[in-house]
Every structure is written in C-alpha cells, then in structure tokens.
Amino acid sequence: MFEFKISNKKFLMPSEVSELTLGQFVKLRGERLDLLERLAILCNLSSAGLSSLRYSSKTEKELRDAIVLTDILNRDIKKFFESDLRFKTPKEVTIMGKTIKVPQDLEKEPLWPSRKVKEIIQEQVIATGKGEDFDPTDKMADVIAHYLYVPFTGMKYNEFRADEFKEAIYDLPITVAVPLSNFFFLQWKSLYLTRTSSWLTSLVIWKKRLVLRFSRTTGT
C-alpha cells in the first residue's frame, strides 16, 4: 500500500494491482467522477473526507503528490489488462477467509446458477450491445457470486441469497476477480458475439472493453 499524508492526516491507497478490489474498480468506472472522488475510492473513504480538507499551499502540493501515485497505479492496471494474467483462471479462491475450489467444468454444476448467469448476460447484451460493444464489467460480481454460492456455502442454490453474496465478491482483488469472471463469461460467448469467433477474438474484446473503459473514467 502507498502511505501518504494530506494536512497531517494519514491515508492508504493500493500500490499494486493485487491490492485494488473489484468493488473499487467498478466504482472508478462511474461517470463524472472528479479527482477527489477517485482518490477517495482508492483510499476507501467518502469523498467528504477529502473535500473537507482546508486549503493551504502545503495541502495542495500533498494532494498533487497523491494524484501522481494514482497515475502509477493506473499504469500498472493497464499492464495487467494487457497481459495474459487476466485469463489465468484460479483453481482456488479465498472469500471471507474461506478457500474454495473454482468449478472448472460448468456442465457438471447445478442448472440454476447457469440459468441465472445466462439471464444476466442476456440483460447486459440488451444494455450494452453485442460483439465489441458488449461490456460485462459491471456484472462480474454477479456472475462470480451465482457460480460460487453453492461451493462457498455448501447449501442448495438460492437465487436471492446468491445475489446478496456478490457483496462479498466485491472485496476480491481484481487480479482474482477479472480472470475468474472472464472464465465464466467466456463459457457463454455465443450469447454476445455476433458470429462464431475464435479464442483470440474473445481476448481482443476483453482487452478493448476493460482497458479503454477504465482509462476513460480515471482520466489517464
């Protein structure tokens, strides 16, 4: 973590991609975020916690220095999305301190999680479009939650409880959540690709959508 001070107050911010959570990443994609709001998200603060700081030349310099740190993090995030790591599906994942195995063969999984995920993807196709316009990022937590609810709880699938479970998924590092969700989404690529596409085409779609969309909303 980066540790820095502004107006004698200590703040912590991710210094590596693995320290950035899926929840923070999704919030950073929000429209019309200013620099203070973005910095607050990275520090897990309310924007009021930074906007209430009193002005001084020292505070302004400290704030500029903190923003430079966000630029460093943004560059590392871009490198992650340009690498093959975003498709390296983990065999295990730790959620709320519990380590569970990731289902590798979805055809052997219960019917209802897959049915729900199919609905989620179809709704996202309507919202964003097919082909290169398809943007699944905001539904990553949903898809992971519905597929991992049963392995995590050891209980029968419950659509409403699985939907609530996504709040825990937001705490996953994006280095875990992104490849995991990519694995699940790519099982359903026939729903959002406009034609039969190769694995390479699928990679291009994810690289373009995730990297460019994140860059636009963080101002890099």
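Further up the page is the structure itself.
Cut-offs and rules
Residues numbered from 1 in each chain as written. Predicted model: local features only at pLDDT ≥ 70, side-chain atom pairs only at ≥ 80, totals over all residues. Heavy atoms only, no water. Axes fitted to C-alpha atoms, helices over the stretch in contact; angles between N-to-C directions. Helix = DSSP H or I, 4+ residues; strand = E, 2+ residues; numbered from the N terminus. Parallel < 35°, antiparallel > 145°, perpendicular 65-115°, else oblique. Contact = heavy atoms within 4.5 Å. Nonpolar A, V, L, I, M, F, W, Y, C, P; charged D, E, K, R; others polar. Polar contact = N/O pair within 3.5 Å; in protein donor to acceptor, adjacent residues only side chain to side chain. Buried < 20%, exposed > 50% of the residue type's maximum accessible area, 1.4 Å probe, protein only. Pairing = 2+ DSSP bridges. Phe/Tyr/Trp six-rings, centres within 6.5 Å; stacked < 30°, edge-to-face > 60°. Lys NZ or Arg CZ within 6 Å of the ring centre and 35° of its normal. Core = buried A, V, L, I, M, F, W, Y, C linked by side-chain atoms within 4.5 Å. Expected span 1.5 Å × (residues − 1). Bend = angle between axes of the 7 residues up to and from the residue.

Enquirer: What exactly am I supposed to notice about the packing of helix α5 (residues 111–128) against helix α6 (residues 140–153) here?
Expert: The description of two helices packed together rests on the angle between their axes and the distance between the axes. At a minimum axis separation of 9 Å, α5 and α6 run at an interaxial angle of 170 degrees. Classed by the angle they form, the pair α5 and α6 counts as roughly antiparallel. Counting all contacts with α5, which are made through Pro113, Ser114, Lys116, Val117 and Ile120, the residues of α6 involved are Asp142, Val143, His146 and Tyr147. Of the residues belonging to the contact of α5 with α6, the class tally is 5 nonpolar, 2 polar and 2 charged.

Enquirer: Is there a simple way to explain the side chain of His146 in this structure?
Expert: Note that His146 resides in helix α6. Engagement of the side chain of His146 in a polar contact is seen with the side chain of Tyr157, the distance being 2.7 Å. Once residues within four sequence positions are removed from consideration, His146 is found in contact with Pro113, Lys116, Val117, Ile120, Tyr157, Glu159, Ala162 and Asp163.

Enquirer: I keep staring at unusual backbone geometry and nothing clicks. Help me out?
Expert: As a rule of thumb, non-glycine residues mostly have phi less than zero, and peptide bonds are mostly trans rather than cis. Look at Met96: it is not a glycine, yet its phi comes out positive at around 55 degrees. Its location among the elements puts Met96 in the loop between β3 (92–95) and β4 (98–101). Its relative accessible area of 67% is what places Met96 among the exposed residues.

Enquirer: Where do I start with the pairing of strand β2 (residues 9–13) in this structure?
Expert: Here is the key point about a regular strand: its side chains alternate between the two faces of the sheet. Pairing of strand β1 (residues 2–6) with β2 involves 5 bridges; the strand directions are antiparallel. What sits directly across from Phe2, in β2, is Met13. Adjacent in sequence and paired antiparallel, β1 and β2 are bridged by 2 residues, among which Ser7 carries a positive phi angle near 55 degrees.

Enquirer: It is not clear to me how the packing of aromatic side chains should be interpreted in this structure. Could you clarify?
Expert: Think of a pair of aromatic rings as described by two things: how far the centres are apart, and how the planes are tilted against each other in angle. Across all of its chains, the model carries 9 aromatic pairs by this definition. Cluster of aromatic residues (ring-pair linked, three or more members): Tyr149, Phe152, Tyr157 and Phe165. Positioned above the aromatic ring of Phe152, the side-chain terminus of Lys98 is 5.2 Å from the ring centre.

Enquirer: How should the nonpolar core be read in this particular structure?
Expert: Soluble globular proteins tend to pack their nonpolar side chains together in the buried interior. In this structure, Ile95 and Phe184 are the most contacted members of the largest nonpolar core, which totals 62 residues. Here this core takes 9 residues from α6, the largest share from any one element.

Enquirer: Hey, could you run me through the environment of Asn158 in this one?
Expert: Its place among the elements puts Asn158 in the loop between α6 and α7 (159–169). Judged by its relative accessible area of 30%, Asn158 falls in the partly exposed class. For the pair formed by Asn158 and His146, sequence separation is 12 residues and the distance between their alpha carbons is 8.8 Å. Reaching out from Asn158, the side chain makes a polar contact with the backbone nitrogen of Arg161 at a distance of 2.9 Å.

Enquirer: Please clarify how α6 should be interpreted in this entry.
Expert: Taking 1.5 Å of rise per residue, the 14 residues of α6 would be expected to cover 20 Å, and the 19 Å separating its terminal C-alpha atoms lies within 8% of that figure. The largest bend in α6 is about 40 degrees, located at Tyr147, with the proline Pro151 one to four residues further on. With 11 of its 14 residues buried, α6 lies for the most part within the structure. If you check which residues of α6 are buried, you get Met140, Ala141, Asp142, Val143, Ile144, Ala145, His146, Tyr147, Leu148, Tyr149 and Phe152. Positive backbone phi, at 70 degrees, marks Gly154, one or two positions downstream of α6.

Enquirer: Looking at this structure, how should I read helix α2 (residues 35–42)?
Expert: What sets the pattern is the α-helix's 3.6 residues per turn: residues three or four places apart point alike. Of the positions making up α2, those classed as buried are Arg38, Leu39, Ala40, Ile41 and Leu42. At the exit of α2 stands Asn44, carrying a positive phi of roughly 55 degrees.

Enquirer: What's the story with the packing of α6 against helix α8 (residues 174–186) in this structure? I'm lost.
Expert: Between α6 and α8, the shortest axis-to-axis distance is 9 Å and the interhelical angle comes to 75 degrees. Our classification of the angle between α6 and α8 gives roughly perpendicular. Here Met140, Val143, Ile144, Tyr147 and Leu148 of α6 lie close against α8, whose contacting residues are Ala177, Val178, Leu180, Ser181, Phe184 and Phe185. When its residues are assigned to classes, the contact of α6 with α8 shows 10 nonpolar, 1 polar and no charged.

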